[in-house]
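Inside the fold
Listed here are the chains, written in short residue letters.
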Amino acid sequence: MAEVLIVAEHDGATLNASTARCVSCAEEIAGDQVDIAVFADDGQALAAQAAKLAGVRTVLLIERAENAHPVAAVLAPQLAALATNYSHVLGPSTTFGKDLMPRTAALLGVGQLSDIMAVESPYRFKRPIYAGNAIVTVEANTGATLVATVRTASYGQTGSGGAAAIERRETDASIPAHTRFVELRTASDGSRPDLQSATKIVSGGRGVGSGENFALIYDLAEKLGAAVGASRAAVDAGYVANDLQVGQTGKIVAPDLYIAIGISGAIQHLTGIKDAGTIVAINKDEDAPIFDVADIGLVTDLFTAVPELTDALGD
Amino acid sequence: MQRILVCLKRVVDYNVRVRLKPDGSGVVLDGVKMSINPFDEIALEEALRIRERGEVEEVVVASIGTSDSQQQLRTGLAMGADRAVLVETDAQLEPLTVARTLLALVDRENPDLVLLGKQAIDADNNQTAQMLAALWQRPHAVFVSELSIDGAAATAVREVDAGLEVVEVDLPAVVSSDLRLNEPRYVKLPEIMKAKKKLLETIAFAELGIDATSQFSVVSTDPPPERAQGIRVDSVEALVAELKSRGLVDG
Ligand SMILES: Cc1cc2nc3c(=O)[nH]c(=O)nc-3n(C[C@H](O)[C@H](O)[C@H](O)COP(=O)(O)OP(=O)(O)OC[C@H]3O[C@@H](n4cnc5c(N)ncnc54)[C@H](O)[C@@H]3O)c2cc1C
Ligand SMILES: Nc1ncnc2c1ncn2[C@@H]1O[C@H](COP(=O)(O)O)[C@@H](O)[C@H]1O
């Protein structure tokens, strides 16, 4: 029988939505045999949030001072120690999970599967390769613990209303002191919706031209109640912060509506938006590859079209 | 520092539009342009800059793959690496096996720092650096966009979902590069000539005695689901009407 342990992602106060997405994937693997591990220094409230997720059997709370920050070298030995009771150990395909899960797998002496996008059976999965240009069906040995990351854009969040038991756990894992968290610098002030759970996203590219001009993107996003995203070129040029980058090496998003403005549609960008419900492209170049994937395309100058669009959307 | 080891993987060039074999057996590689994985080029550039600042003596590049990977190692030498090591194998190795192989190289070379790319753009695994660090029982800092060495430790700025995370790691350590770490230099012709004389050592994979059992097998390789053909509108007004009719905006 498959039993899944999910590692919770959080910022010390709030559970990240990626955890509820992992539960949806885990249910397809193991039905109701799904537990969540919460590593924190003061984690009661977090464990209570995890316990409310529908479909969770038990929440394991591992509290120690070293767990105050998500340092992979610190968490991996503890997660590996807990993993021995499970057939599967899952983390999200966020930067948190990508950092932690391979280290955990190697400590267990097993491989890791990245970015599960579909479960065909407890040991058979689909995942993207080549920036999503191909999808492979992969079969894993049943004899080894299966450590994997879940492509969060492929799964919705499980509901709330669960009432899992919370158990405190201690591990005898020895924790290295060679890796030290210094600080987290966040550019976003939290006033805009989070890209990875937003239902609407307005994204700007190099065509927007400057950081000041990004006000056009923000104004439109404001009107729509949308999150703001960007292409790599816009981030590299310093128009916006790195955490807004969408794509192969940025965030993979799955909103109902994605509006790409002044973005050419390079394959590395497109791989991040394939799960969007409706893609709208505004670009002055009618041959831009973004139009190949756009559901609605408008060939025009963004500097006239975007303010017009913002106005037309009423208050 | 004495030495930095940089890992270079030979992959399909990032500009190539990959095509799938019609029978689902994989990606077409015959006659396709191959290059150093872009993140690895960035990793190498960083190592060279550290050496140019006088903070390390030697930069060694390593690759695991077929004899064709010599091309990428030569390019690395032309960029400025001092010498190269190829672990030769025709087999497709899983990241854990690659990490075990790199650990064997680490045991021979005793680097103070191992620099890798954050992910190889063929399989998009994003695992090897983290695994190598675990096997080596050393720190890792991955997705790094700024790196400074201060004596026995390094400070790394990491690109994470919430913004930028700063960590300090004791050396030796494993670091993986993100795109904004630097912009790699162009190779000049005289450097290519000079690189031909640099040492490129080849080790047979079998010689290292590494367990290469695979845990995963690929059953099939298929194209991604296609999106339905879209429409064009010719004005903002028409766009708004379309969005409204699809229930995507109010009104
Ligand atoms: C390994 C690797 C990983 C990468 N990962 C990512 C990733 O995660 N995310 C990502 O986005 N990119 C990524 N890239 C970069 C990617 O290849 C492209 O370079 C990048 O997406 C281009 O950004 P852009 O579309 O904003 O810029 P450009 O390609 O320069 O396009 C700008 C567009 O704006 C349009 N435009 C200009 N002015 C106007 C105007 N006034 N009105 C309307 N339209 C206008 C132009 O017609 C053009 O189409 C990666 C590259 C590599 C090699
Ligand atoms: N066969 C290989 N040879 C050399 N380096 C490799 C190899 N495979 C992976 N790497 C390194 O590990 C990084 C991450 O790869 P991956 O975990 O496969 O996404 C790459 O960017 C390379 O630096």
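Residues numbered from 1 in each chain as written. Chains lettered and ligands numbered in written order. Predicted model: local features only at pLDDT ≥ 70, side-chain atom pairs only at ≥ 80, totals over all residues. Heavy atoms only, no water.

1. Notes on the overall build of chain B
So the rule is basically this: Put simply, DSSP H or I for four residues or longer makes a helix, DSSP E for two residues or longer makes a strand, and each gets a number counted from the N terminus. Any residue under 20% of the maximum accessible area for its type is buried, any over 50% is exposed, and the rest in between are partly exposed; the area is computed with a 1.4 Å probe on protein chains only. In what follows, a contact means two residues having at least one pair of non-hydrogen atoms within 4.5 Å. Surface accessibility in these figures is a Shrake-Rupley result with a 1.4 Å probe; residues are shielded only by whichever protein chains are displayed. This count recognises Lys and Arg as positive and Asp and Glu as negative, with His and chain-terminal groups excluded. Charge coordinates come from a single atom per side chain, which is NZ of Lys, CZ of Arg, CG of Asp or CD of Glu.
When helices and strands are tallied, chain B shows six helices and 13 strands. Within the span of chain B, comprising 251 residues, buried residues form 56% of the whole. Sequence separation of 24 or more characterises 70% of the internal contacts of chain B that already satisfy a separation of 6 or more. Accessible surface for chain B amounts to roughly 11200 Å². Of this, 48% is attributable to carbon and sulfur atoms. If you average the places of the 28 positive and of the 40 negative side-chain charges in chain B, the two averages end up 5 Å apart.

2. Observations concerning the domain arrangement of chain A
All names here are of chain A. What counts, and what does not: Start and end points for every domain follow an automatic or database-based domain assignment. Accessible-area loss on putting two parts together, using a 1.4 Å probe and summing over both, is the definition of buried area adopted here.
Along its sequence, chain A is carved into domain 1 (4–168) and domain 2 (200–312). Once you take the C-alpha centre of each, domain 1 and domain 2 turn out to be 31 Å apart. Facing the five residues of domain 1 at the interface are eight residues of domain 2. Each partner contributes to the roughly 570 Å² buried at the junction of domain 1 and domain 2, and carbon and sulfur atoms together form 43% of this total. Of all residues in domain 1, Ala131, Arg151 and Ala153 bury the most surface against domain 2, accounting for 73% of the area lost on that side.

3. Considerations on the interface of chain B and chain A
Spelled out, the test is: One side-chain nitrogen of Lys or Arg within 4 Å of one carboxyl oxygen of Asp or Glu is enough to make a salt bridge. Three classes are used: nonpolar for Ala, Val, Leu, Ile, Met, Phe, Trp, Tyr, Cys and Pro, charged for Asp, Glu, Lys and Arg, and polar for all others, with Gly counted as polar.
Each partner contributes to the interface: chain B provides 73 residues, whereas chain A provides 84 residues. Between chain B and chain A, the buried area comes to about 6700 Å², and carbon and sulfur atoms account for 54% of it. A per-residue breakdown of the area chain B buries against chain A is headed by Asp161, Gln215 and Arg227 of chain B, which together make up 12% of the total. For aspartate 295 of chain A, the salt bridge is made with arginine 227 of chain B, and the minimal N-O distance between the two is 2.8 Å. Elements with a minimum of two residues in the side of chain B that touches chain A: α3 (95–109), α4 (128–136), β7 (140–150), β8 (153–160), β9 (163–170), β12 (216–222), β13 (231–233) and α6 (236–245) of chain B. Top element by residues in the side of chain B that touches chain A is β9 of chain B. It accounts for eight residues. When grouped by side-chain class, the residues that make up the side of chain B that touches chain A number 40 nonpolar, 15 polar and 18 charged.

4. Some thoughts on the environment of glutamine 157 of chain A
Residue and element names in this part refer to chain A. By the secondary structure assignment, glutamine 157 is in the loop between β9 (146–150) and β10 (165–168). Residue class for glutamine 157 comes out partly exposed when judged on its relative accessible area of 45%. Distance from glutamine 157 to aspartate 301, taken between C-alpha atoms, is 38 Å for residues 144 residues apart in sequence. Ignoring any residue separated from it by four or fewer positions in sequence, one finds glutamine 157 in contact with Ala17, Ala20, Arg21, Ser24 and Ser197.

5. Some details on the sheet that holds β9 of chain A
Residue and element names in this part refer to chain A. The criterion, for reference: A pair of strands is treated as paired once DSSP finds two or more bridges between them. The axes are straight lines fitted to the C-alpha atoms, using for helices just the contacting stretch, and the angles between their N-to-C directions are given from 0 to 180°.
With parallel pairing, the seven strands of this open sheet are ordered in space as β5-β9-β4-β1-β2-β3-β10. The open sheet is flanked by β5 (112–116) and β10, the only strands paired with a single partner. The mean inter-strand angle of the sheet, taken between neighbouring strand axes irrespective of direction, is 25 degrees. For strand β1 (residues 4–7) and strand β2 (residues 34–40), the ladder comprises four bridges, and the chain directions are parallel. Note on β2: the bridge partner recorded for isoleucine 6 is isoleucine 36. The sheet contacts of helix α2 (residues 44–51) involve β2, β3 (58–63) and β10, and relative to β3 the element is tilted by about 165 degrees.

6. Remarks on unusual backbone geometry
Residues apart from glycine generally show negative phi values, whereas peptide bonds are mostly found in trans. In this structure, the amide linkage connecting leucine 171 of chain B to the following residue, proline 172 of chain B, adopts the cis form with an omega of 0 degrees. Take proline 172 of chain B: it is sitting in the loop between β9 and β10 (173–177). One non-glycine residue, aspartate 115 of chain A, adopts positive backbone phi at about 60 degrees. Among the structural elements, aspartate 115 of chain A can be located in strand β5.

7. Points about α6 of chain B
Let me state the cut-off plainly: As used here, the arc is the angular range of directions from the helix axis to the C-beta atoms.
Three or more residues of α6 of chain B are buried, namely Val236, Leu239, Val240 and Leu243 of chain B. With its buried residues spanning 95 degrees around the axis, α6 of chain B presents them on a single face. Relative to its buried face, α6 of chain B has exposed residues pointing more than 90 degrees away, namely Glu237 and Ser245 of chain B. Against the buried residues of α6 of chain B lie β14 (257–261), β15 (278–283), β16 (296–299) and α9 (302–312) of chain A together with β13 of chain B.

8. Describing the site of ligand 1
Keep this limit in mind: A cutoff of 4 Å decides nearness: a residue is near a molecule or strand if any of its heavy atoms lies inside that distance of it. Here a polar contact is taken to be a pair of N or O atoms separated by no more than 3.5 Å, where protein atoms must pair a possible hydrogen donor with a possible acceptor and residues adjacent in sequence count only if both atoms sit in side chains.
Taken together, 29 residues lie around ligand 1, and Arg206, Ser231, Val246, Ser264 and Asn283 of chain A are the ones closest in. Looking at the residues close to ligand 1, they fall on chains A and B. A distance of 2.6 Å separates an oxygen atom of ligand 1 from a polar side-chain atom of arginine 206 of chain A. One of the side-chain nitrogen or oxygen atoms of serine 264 of chain A is found 2.7 Å away from an oxygen atom of ligand 1.

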